[in-house]
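A structural walkthrough
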Amino acid sequence: MSARRALVTGITGQDGGYLAELLLADGVEVHGLVHHEDALAAEFARTHPEAVLHPGDLADHAGLRALVEEVEPDEVYNLAGVSSVAFSWEHPVTTAELTGVAAAVMLQGALAVQERSGRRVSFVQASSSEIFGEASTFPQDETTPVRPVSPYGAAKAFAHHMVTVYRGKGLHATSCILFNHESPRRPPTFVTRKITAAAARIGRDGHGTIQLGNLDARRDWGWAPDYVDAMVRAARHATAEDFVIATGETHTVAEFAETALRRAGVGDDWRRHVEVDPELLRPVDTPLMVGDAGKVRRELGWQPTVGFAELVAQMVDHDVELLQDR
Ligand code: GDP
């Protein structure tokens, strides 16, 4: 029997890389869609020579559909799209197109492959806690109402609903509702990596500050490789269902900064190295995000393998190493 094939969109991102590595280690033939302007594509190709990369564009519906039909995947992981809420406010239409409509095209292609081949095609949508918007219940689970408050959340919500629609048509389509998940591969536009990169510098130099916005925001920060593992489990589960992927534990931005600075060797002096810049406060900011991952734990036997302190330590240590390599 030939190897299972997977098609991954967003393969050059944080989650795409971890997912590709997990699938390749599992003997899966991995195909990825890469945009011609993607600055990370060349490096990804160099570090993952076994992956087959296909140039393409999420906005080119005919090309996207043709790619799904050409690859004939057993598993589709749709991770691509606009990844920042801030960008989505500036470009709501592009966000709808790339994060919302492209998912519909991929679903349509996956169902066509399944109907033509008679083989099961599993479709995993990387959904987001942003679909819940300013939720009024905590923690959020699969039954929490979908009520986005940003163009990003609305586009993700459309894709999320389309997964349910295509599941109704017989596709093994599942939505993994991912809460914040971090790693040394997070870009510094996210607060976690911004903090660990700065902490590493402060630890080396003995001076300097991290400029931050809302120190009291609480997030449910998980370990990205654990989250892609959950997506693979969902793809291979007997039934197609939605799953919240989260740790259920929250920490404030201030706690993240303290843990990172202590890890970098700053000790009790850490407070002197954190400053609030009012410019970095967001006009709309969710004070608390926390997920209830009871279902994925029960049904898929999933659990987080890296807790908060270790997550921070791994990110700081990576940034310390990057400084030493210079
Ligand atoms: P998000 O939860 O997807 O928006 O992920 P982020 O990592 O961008 O932000 C997490 C939380 O950290 C939000 O509540 C931000 O308001 C807060 N935060 C505080 N200071 C900063 C900062 O300097 N940069 C970013 N990106 N977020 C910050």
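These figures come from a predicted structure and were not determined experimentally. (Residues numbered from 1 in each chain as written. Predicted model: local features only at pLDDT ≥ 70, side-chain atom pairs only at ≥ 80, totals over all residues. Heavy atoms only, no water.)

**What about unusual backbone geometry?**
Residue P139 is reached from F138 by a cis peptide bond, and omega for that bond is -15 degrees. Among the structural elements, P139 can be located in the loop between β5 (122–128) and α6 (151–168). (Helix = DSSP H or I, 4+ residues; strand = E, 2+ residues; numbered from the N terminus.)

**Quick notes on helix α5 (residues 92–117)**
The end-to-end C-alpha distance of α5 is 37 Å, a good match for the 38 Å that 26 residues give at a rise of 1.5 Å each. Residue V101 marks the point of greatest curvature in α5, where the axis turns by about 35 degrees. G118 sits one or two positions beyond α5 and adopts a positive phi of about 75 degrees. (Expected span 1.5 Å × (residues − 1). Bend = angle between axes of the 7 residues up to and from the residue.)

**Overview of the packing of helix α7 (residues 191–205) against helix α9 (residues 253–263)**
One way to put it is that α7 packs onto α9 with a least axis distance of 9 Å and a crossing angle of 30 degrees. In this view, α7 runs roughly parallel relative to α9, as classed from their interaxial angle. The element α7 and its partner α9 pack so that their crossing is right-handed. The segment α7 lies against α9, with V191, T192, I195, T196, A199 and I202 engaging V253, F256, A257, A260 and L261. Of the residues assigned to the contact of α7 with α9, the class counts are nine nonpolar, two polar and no charged. (Axes fitted to C-alpha atoms, helices over the stretch in contact; angles between N-to-C directions. Parallel < 35°, antiparallel > 145°, perpendicular 65-115°, else oblique. Left-handed = near helix turned anticlockwise from the far one by under 90°. Contact = heavy atoms within 4.5 Å. Nonpolar A, V, L, I, M, F, W, Y, C, P; charged D, E, K, R; others polar.)

**A word on the pattern of salt bridges**
A full pass over the atoms with the stated rule returns 22 salt bridges. In this structure, R193 engages D319 in a salt bridge whose closest nitrogen and oxygen atoms are separated by 2.8 Å. Placement of R193 in helix α7 and of D319 in helix α11 (residues 308–325) is noted, with a sequence separation of 126 residues between them. For the pair R193 and D319, one class covers both residues: buried. As a salt-bridge pair, R219 and D285 come within 3.6 Å of each other at their nearest N and O atoms. Of the two residues, R219 sits in strand β9 (residues 218–219) while D285 sits in the loop between β13 (274–276) and α10 (294–300), which places them 66 residues apart along the sequence. Residue R219 is classed as buried on the basis of its relative accessible area, which comes to 11%. In this structure D285 comes out as partly exposed when scored by relative accessible area, which is 23%. Taken together, the shared-partner salt bridges in this structure form one network comprising R4, D26, E75 and R236. (Salt bridge = Lys/Arg side-chain N within 4 Å of Asp/Glu carboxyl O. Buried < 20%, exposed > 50% of the residue type's maximum accessible area, 1.4 Å probe, protein only.)

**Looking at the sheet that holds strand β3 (residues 52–55)**
Across the sheet, seven strands lie side by side as β3-β2-β1-β4-β5-β6-β11; this open sheet has parallel pairing. A strand with exactly one partner marks an edge of an open sheet, and here the two such strands are β3 and β11 (243–245). Each adjacent strand pair in this sheet contributes to an overall mean axis angle of 20 degrees, direction not counted. For strand β1 (residues 5–9) and strand β4 (residues 75–78), the ladder comprises four bridges, and the chain directions are parallel. Looking at β4, one finds that L7 is bridged to V76. Packed onto the sheet, helix α3 (residues 61–71) meets β1, β2 (29–34) and β3 and runs at close to 160 degrees relative to β1. (Pairing = 2+ DSSP bridges.)

**A few points about the site of the ligand**
Not every one of the 15 residues close to the ligand is listed here, only the nearest: K194, G213, R219, R282 and D285. R219 has a polar side-chain atom sitting 2.9 Å from an oxygen atom of the ligand. In this structure, D285 approaches the ligand through a side-chain N or O atom, which is 2.7 Å from an oxygen atom. Summarising the interface, the protein chains cover 90% of the accessible area of the ligand, which totals 540 Å² for the free molecule. Sorting the residues of the shell around the ligand by element identifies α7 and β8 (210–212) as the ones contributing at least two each. Residue composition of the shell around the ligand, by class: six nonpolar, five polar and four charged. (Near = heavy atom within 4 Å. Polar contact = N/O pair within 3.5 Å; in protein donor to acceptor, adjacent residues only side chain to side chain. Areas by Shrake-Rupley, 256 points an atom, 1.4 Å probe, with all protein chains shown as cover.)

**What about the domain arrangement of the protein?**
Domain boundaries assigned for the protein yield domain 1 (5–181 + 223–245) and domain 2 (187–219 + 249–289 + 305–324). On a C-alpha basis, the centres of domain 1 and domain 2 stand 29 Å from each other. Contacts between the two partners involve ten residues from domain 1 and, on the opposite side, ten residues from domain 2. Of the roughly 940 Å² buried where domain 1 meets domain 2, counting both sides, 65% is carbon and sulfur surface. Across the contact surface, domain 1 and domain 2 share zero salt bridges. Taken together, the links from domain 1 to domain 2 amount to two residue pairs in polar contact (both at pLDDT 80 or more). (Domains from an automatic or database assignment. Buried area = accessible area lost by both parts, 1.4 Å probe.)

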